[in-house]
Amino acid sequence: VLHPHTLVPAMRKNIPVRVLNTFKPEHPGTKIVPQPQKGISVIKSIAFKRHQLIVSASSPRMLAGPGFLARIFTAFARHGVDVDMVSTSEVSVSATTGNGNNLEALQAELSGEFDVRVEKDKALLCVVGDGIQ
């Protein structure tokens, strides 16, 4: 694993960096360059996590009301539920987690103020590439 700051000197001098897999030394690895070559695939990598859960909390009172996110994520912390990814709108918050422990207690606490839904057996998929939005 390379920290992005370790690549700065090579980037400043336009020196390509090749990242190799120690478990597959025969694999050519990934070449990191300042600008991708034209005509190369837009998608560079796909990563995923299985066994994810989505916890969603919603309430019309969230609209233009301060402090809702703080209360929701304080409850997540209090129950030891880690958050991988968050999506928000004006009246709802959804968060993914791989930790199913204490979800019932979290759901019970949040249900006093929000409509809460827990979805199980989900996966988190991340696509990395050029020009992807």
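Anything mentioned here points back to the structure above.
Structural notes, computed from the coordinates.

### Quick word on the pattern of salt bridges
Phase 1 of the analysis: If you walk through the whole model with that rule in mind, you get five salt bridges.
Phase 2 of the analysis: Across the pair Arg71 and Glu113 runs a salt bridge, and its minimum N-O distance is 2.8 Å. Residue Arg71 is found in helix α2 (residues 68-78), and its partner Glu113 is found in the loop between α3 (103-111) and β6 (115-129); the two are separated by 42 residues along the sequence.
Phase 3 of the analysis: Exposure remark for Glu113: the relative accessible area of 25% places this residue in the partly exposed category.
Phase 4 of the analysis: Note that Glu119 is salt-bridged to Arg117, the shortest N-O span being 3.1 Å.
Phase 5 of the analysis: Residues joined by salt bridges that share partners form a network here, namely Arg117, Glu119 and Lys122.

### Notes on a nonpolar patch on the surface
Phase 1 of the analysis: Among the surface-exposed residues, Val42, Ile43, Ile46, Phe48, Leu125, Val127 and Ile132 lie close enough to one another that they form a single nonpolar patch of about 660 Å² accessible area.
Phase 2 of the analysis: Listed by contribution, the elements that provide at least two residues to the nonpolar patch are β3 (43-58) and β6.
Phase 3 of the analysis: Among the elements that take part in the nonpolar patch, β3 stands out by supplying three residues, more than any other.
Phase 4 of the analysis: Tracing the chain through its elements places Ile46 in strand β3.
Phase 5 of the analysis: A relative accessible area of 55% means that Ile46 is categorised as exposed.

### Some details on the sheet that holds β3
Phase 1 of the analysis: Across the sheet, four strands lie side by side as β4-β5-β3-β6; this open sheet has antiparallel pairing. Taken across any chain shown, the strands that pair with only one partner, and hence form the sheet edges, are β4 (85-88) and β6. On average, each strand axis in the sheet is tilted by 30° relative to the strand beside it, whichever way the strands run.
Phase 2 of the analysis: With six bridges connecting them, β3 and strand β5 (residues 92-97) associate as antiparallel partners. Bridging across to β5, Val55 finds its partner in Ala95.
Phase 3 of the analysis: Across the sheet, α3 touches β3 and β6, and the angle it forms with β6 is around 110°.

### What about the nonpolar core?
Phase 1 of the analysis: Residues Ile72, Phe76, Leu106, Leu110 and Phe114 are the most contacted members of the largest nonpolar core, which totals 16 residues.
Phase 2 of the analysis: Secondary structure elements with two or more residues in this core: β3, α2, β5 and α3.
Phase 3 of the analysis: Each residue touching Phe76, except ones within four places of it in the same chain, is listed here: Val55, Val81, Val83, Ala95, Leu106 and Leu110.

Rules used throughout
- Residues numbered from 1 in each chain as written.
- Predicted model: local features only at pLDDT ≥ 70, side-chain atom pairs only at ≥ 80, totals over all residues.
- Heavy atoms only, no water.
- Salt bridge = Lys/Arg side-chain N within 4 Å of Asp/Glu carboxyl O.
- Helix = DSSP H or I, 4+ residues; strand = E, 2+ residues; numbered from the N terminus.
- Buried < 20%, exposed > 50% of the residue type's maximum accessible area, 1.4 Å probe, protein only.
- Patch = residues over 30% accessible without salt bridge, like charges linked within 9 Å, V, L, I, M, F, W, Y side chains within 5 Å.
- Areas by Shrake-Rupley, 256 points an atom, 1.4 Å probe, with all protein chains shown as cover.
- Pairing = 2+ DSSP bridges.
- Axes fitted to C-alpha atoms, helices over the stretch in contact; angles between N-to-C directions.
- Contact = heavy atoms within 4.5 Å.
- Core = buried A, V, L, I, M, F, W, Y, C linked by side-chain atoms within 4.5 Å.

Spatial relationships are all this shows, so hold off on functional conclusions.
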